Amino acid sequence: MEGWAGKILDIDLTSGSIETLPLDMEMARLFLGGRGLGARLLWDLVGPEVKPLDPENALIFTTGPITASSSQTSNRFNVSTKSPLTNTLLHANSGGWWGMQFKRTGYDAMIIRGKSETPVMISITEAGISIDDASDLWGKTVFETTEALGQDRNKRNVLCIGPAGENLVRIAAIMNDKERSLARGGAGAVMGSKNLKAIVVEGKEKNKPADKDQFKFMLYETGKLIKASPLTSQALPEFGTTVVMNVVNEIGALPTRNFQESQFEDAHKISGETITDTILVKNQACWACPITCTRITKTASGEEGEGPEFESAWAFGAQCGVGDLDAITEANFLCNDLGIDTISMGNTIGCAMEMAEKGFIDNDLRFGDATKFKELIRETAYREGLGDDLAEGSYRLAEKYGAPELSMTVKKLELPAYDPRGMQGQGLVYATSNRGACHETGNMLGPEVLSLPRLIDRFATQGKAGIVSVHQNSAAVIDSLVYCKFSAMAVAEEFFARTLTAVTGQLFTADDLMKVGERVWNLERLYNLREGFTSADDTLPDRLLNVPVAEGPSEGFVANLDPMLVEYYQFRGWDENGVPKPEKLEELGLAELVQPVM
Amino acid sequence: MAQVKLFGGLQRKAGTTAVTIPGSNIQALLQNLFVTHPELETAVTDDQHHLQPHVRVMVNGHDIELGDGLETAVTDQDVIAIFPPIAGG
């Protein structure tokens, strides 16, 4: 293969059919792969009449044209589906090895439809493709399943769900390579609803570049830049993603105790610096990644595993008022083993803590108390006790007990680790993200805090819409290639375009790629509009819109969303209701696609 | 004297997470910091005494780049934060 394998594996678990479909190469050029191709396939396959946990929902795994090419960070893959947490289009991506290995089986994507009557797993190996009984695996944890199926990092890779996915927990993740995750939005529950426990892949095919010399040149040049950047060669390897804990806290944008405050007095105890000094065992890298940001850690009680990443450390840390790094780390490990999104789990527990303190639920949960983390996580995975409510996510939990205003969510997806009152642009990112509150779809930490590529006033609103839109488009194209966003800290879109050109033999410019990103963003928007979402859903929790930060560097600020939204719709070429205008759809090549339904 | 908090690799270089340093503005404060902690100088500034790329200096949580830069005034009540290049999230 040269970039694209040209094939999609199509599996129907109801009938047991396994077919190979050709990849529409025009579609591939317009949407590349990963998140973009996933959105495009989902548009055709899953309409508004389908509920997320219906057999008719599709689980679509996609790689990109650069996946498995050995270009730096070309290990990632994507899953697209309709989310049981948000009811929006869902995309989630993960690193590790599984994506590379799946691509090596000779497929660009895999569509899984229908529902098996009994638990099954899918094997894609040289021996063939099969749907096999997995009754003996049902009920096993992620770690047990991964081991039982013979995970062998570079040869045989396991993707699976844990008990949370089996029990249709709305914040369940799909896990791959033991501790990597397609975390957000409940894709694990969709997999569980299909009675699909695991997918094992072994591949031998190579993604060979069409232009070997140019590819080697880009590999060399990209490697030089990653090595030269202090961000990718020093900060991330030395301290991991959690190194930003202190800076986000310092500026007064670290959500604390369910976003009641924006600075955490114990932030330093859960920071990247402290992790490196206390519990770090070693670094680890995903396939073909020179950055090595993954942390292998060990707690005082001897538990060892991956993490915590920044978001996980925040979710069980500042969000819950907990400064106990060992407790946070072990909560992270347990979420990985049971297959739960750490951001949503920690955020939801923080919400429950506030509800308990204010008497909305009869429970002795309190901010700062980590002793119940493991019990609550297990109860969530198995839907027992309060866990049955936590399994529904923060919004449904808070709504059930009469306090929806305490849920820190957008479109029912739990907010990540930045308080929009101290980072106005981040608020716009959260409000407009197509999968709900998400930092990965256009993170403004770079321009608003770290001066990447240059510093802008984090409290300003005027002019933010354009910057946010460009960041969102850029994130969408990186997720469609699929690269890791950390590589973009060292190299620009021009490098991605030249590498893509070398791999596929088709000319792509940086402008072409940014147009793909804009196309993907608009298609996702169209999908959500078709589902019935409106501009009214482009909002933030009332607390962030109307309750000023009480003290610290962001004191007095609320998220000033409305003026940014007006500008945003204009910049995007959407009407005042947030609907893409016909001329924008024409420009992006989407007009024909939506003609029958808009 | 203002409190100066150090983060990331600067903590290891200095062997501490915070120091108190005199100085009426950031420029003066940094010069004094480099007297007591010369190991920090090349990590924070270049030959021209400009901040190294990606180094962030904040006064009470506000980046000096959006203030008066190295001329930003400092009082004894201020908290200064110096971050080496960091990334993540």
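Parameters and conventions
Residues numbered from 1 in each chain as written. Chains lettered and ligands numbered in written order. Predicted model: local features only at pLDDT ≥ 70, side-chain atom pairs only at ≥ 80, totals over all residues. Helix = DSSP H or I, 4+ residues; strand = E, 2+ residues; numbered from the N terminus. Rg over C-alpha atoms; globule rule 2.2 N^0.38 Å. Buried ≥ 20, exposed ≤ 12 C-beta atoms within 10 Å, placed from the backbone. Contact = placed C-beta atoms within 7 Å. Axes fitted to C-alpha atoms, helices over the stretch in contact; angles between N-to-C directions. Left-handed = near helix turned anticlockwise from the far one by under 90°. Nonpolar A, V, L, I, M, F, W, Y, C, P; charged D, E, K, R; others polar. Pairing = 2+ DSSP bridges. Domains from an automatic or database assignment. Core = buried A, V, L, I, M, F, W, Y, C linked by C-beta atoms within 7 Å. Expected span 1.5 Å × (residues − 1). pLDDT = per-residue confidence, 0-100. Parallel < 35°, antiparallel > 145°, perpendicular 65-115°, else oblique.

Trainee: Sorry, what's going on with the overall build of chain A here?
Mentor: For chain A, the count of helices and strands is 25 helices and 17 strands. Expected size for 598 residues packed as a compact globule is a radius of gyration near 25 Å; at 22 Å, chain A falls within 12% of this value. For the C-alpha atoms alone, the extent of chain A along its principal axes is close to 55 × 55 × 50 Å. Taking all 598 residues of chain A together, 63% fall into the buried category. Here the contacts in chain A between residues at least 6 apart in sequence split such that 71% fall between residues at least 24 apart.

Trainee: Just to check I follow, could you spell out the packing of helix H2 (residues 34–45) of chain A against helix H21 (residues 510–530) of chain A for this structure?
Mentor: Think of two packed helices as two axes; the pair is described by the angle between the axes and how far apart they sit. Residue and element names in this part refer to chain A. The geometry of H2 relative to H21 is characterised by a closest axis approach of 10 Å and an angle of 35° between their N-to-C directions. Relative to H21, the crossing made by H2 is left-handed. Across the interface between the two elements, Arg35, Gly36, Ala39, Arg40, Leu42 and Trp43 of H2 pack against Val516, Val520, Leu523, Glu524 and Tyr527 of H21. For the contact of H2 with H21, a count of residues per class yields seven nonpolar, one polar and three charged.

Trainee: Just to check I follow, could you spell out the pairing of strand S8 (residues 128–133) of chain A for this structure?
Mentor: Side chains on a regular strand alternate between the two faces of the sheet. Residue and element names in this part refer to chain A. One ladder, built from six bridges, connects strand S7 (residues 120–125) with S8; its direction is antiparallel. Bridging across to S8, isoleucine 122 finds its partner in isoleucine 131. Adjacent in sequence and paired antiparallel, S7 and S8 are bridged by two residues.

Trainee: Please clarify how the environment of isoleucine 343 of chain A should be interpreted in this entry.
Mentor: Residue and element names in this part refer to chain A. By secondary structure assignment, the location of isoleucine 343 is in helix H13 (residues 342–357). Along the sequence, isoleucine 343 and isoleucine 111 sit 232 residues apart, while their C-alpha atoms lie 27 Å from each other. In this structure isoleucine 343 touches Ala183, Arg184, Glu311, Ala315, Glu414 and Pro416, once residues within four positions along its chain are discounted.

Trainee: Explanation requested: the sheet that holds strand S3 (residues 56–59) of chain B in the structure shown.
Mentor: Within a sheet, neighbouring strands are paired by backbone hydrogen bonds and run either parallel or antiparallel to one another. Residue and element names in this part refer to chain B. Spatial ordering of the open sheet is given by S2-S1-S5-S3-S4, a layout of five strands whose pairing is mixed. One side of each edge strand has no neighbouring strand; the edge strands of this open sheet are strand S2 (18–21) and strand S4 (62–63). Two elements, strand S1 (residues 2–6) and strand S5 (residues 79–83), share four bridges in a ladder whose sense is parallel. In the strand pairing of S5, glutamine 3 is matched with valine 79.

Trainee: What is the right way to look at the domain arrangement of chain A in this model?
Mentor: Interface size, as often reported, equals the accessible area lost upon joining of the parts. All names here are of chain A. Here the domain parsing of chain A yields domain 1 (7–201), domain 2 (241–409) and domain 3 (424–594). Each of domain 2 and domain 3 has a C-alpha centre, and the two are 26 Å apart. Taken together, the contacts link 16 residues of domain 2 with 15 residues of domain 3. Among the residues forming the side of domain 2 that touches domain 3, the class breakdown is nine nonpolar, five polar and two charged.

Trainee: What exactly am I supposed to notice about the interface of chain B and chain A here?
Mentor: Between chain B and chain A, the residue contacts involve 20 residues of the former and 31 residues of the latter. When grouped by side-chain class, the residues that make up the side of chain B that touches chain A number eight nonpolar, nine polar and three charged.

Trainee: Explain the nonpolar core to me, please; I cannot follow it from the model alone.
Mentor: Note on soluble globular proteins: their nonpolar side chains tend to be buried together. Counting residues in hydrophobic clusters, the biggest one holds 212 residues, and the most contacted among them are Ala198, Ile340 and Ile377 of chain A together with Ile82 of chain B. Once you skip the residues sitting within four places of it in the chain, isoleucine 377 of chain A turns out to touch Ala331, Leu334, Cys335, Leu338, Ile340 and Met345 of chain A.

Trainee: Quick question: what am I supposed to make of H13 of chain A here?
Mentor: An α-helix turns once every 3.6 residues. As a result, residues three or four positions apart point the same way. All names here are of chain A. Its 16 residues place the ends of H13 22 Å apart at the C-alpha level, agreeing with the 22 Å of an ideal helix rising 1.5 Å per residue. Of all the 16 residues making up H13, 14 are buried; the element is thus mostly covered by neighbouring parts of the structure. Positive backbone phi, at 85°, marks glycine 359, one or two positions downstream of H13.

Trainee: I would appreciate a short explanation of the sheet that holds strand S14 (residues 294–298) of chain A in the present structure.
Mentor: All names here are of chain A. The three strands are arranged S13-S14-S15 in an open sheet whose pairing can be described as antiparallel. The two strands at the open ends of the sheet, each matched to only one other strand, are strand S13 (280–284) and strand S15 (304–306). Going from strand to strand, the sheet's axes swing by 20° on average, the running direction of each strand aside. Across three bridges, the pairing between S14 and S15 is antiparallel. Looking at the pairing, lysine 298 lines up with glutamate 304 of S15.

Trainee: So what exactly am I meant to see when it comes to helix H17 (residues 424–432) of chain A here?
Mentor: Residue and element names in this part refer to chain A. Across the nine residues of H17, nine count as buried, placing the element largely inside the fold. The set of residues buried in H17 consists of Gln424, Gly425, Gln426, Gly427, Leu428, Val429, Tyr430, Ala431 and Thr432. The secondary structure elements touched by the buried residues of H17 are strand S16 (409–410), helix H18 (445–450), helix H19 (464–481), helix H22 (542–546) and helix H23 (561–572).

Trainee: Where do I start with the confidence of the model for chain B in this structure?
Mentor: Detailed reading of the predicted coordinates is not advisable wherever pLDDT falls low. A residue-level look at chain B finds 100% of positions with pLDDT of 70 or above and a mean pLDDT of 97. Across the interfaces of the predicted complex, the ipTM metric reaches 0.98, alongside a pTM of 0.98.

Trainee: Just checking my understanding: could you explain the packing of helix H7 (residues 212–228) of chain A against helix H20 (residues 493–504) of chain A for this structure?
Mentor: Residue and element names in this part refer to chain A. At a minimum axis distance of 8 Å, the contact between H7 and H20 shows a crossing angle of 150°. By the criterion of interaxial angle, the relationship of H7 to H20 is roughly antiparallel. Seen along the crossing, H7 lies across H20 with a hand that is left-handed. For the pair H7 and H20, the contacting residues are Gln214, Phe215, Met218 and Thr222 in the first and Phe495, Arg498, Thr499, Ala502 and Val503 in the second. Considering only residue class, the contact of H7 with H20 consists of five nonpolar, three polar and one charged.

Trainee: Could you clarify how one ought to interpret the environment of glycine 23 of chain B in this entry?
Mentor: Residue and element names in this part refer to chain B. With respect to the helices, strands and loops of the structure, glycine 23 is situated in the loop between S2 and helix H2 (26–36). For glycine 23 and aspartate 68, which are 45 residues apart along the polypeptide, the C-alpha to C-alpha distance reads 15 Å. Not counting chain neighbours up to four residues away, the residues in contact with glycine 23 comprise Ala2, Ala28, Leu29, Asn32 and Val74.

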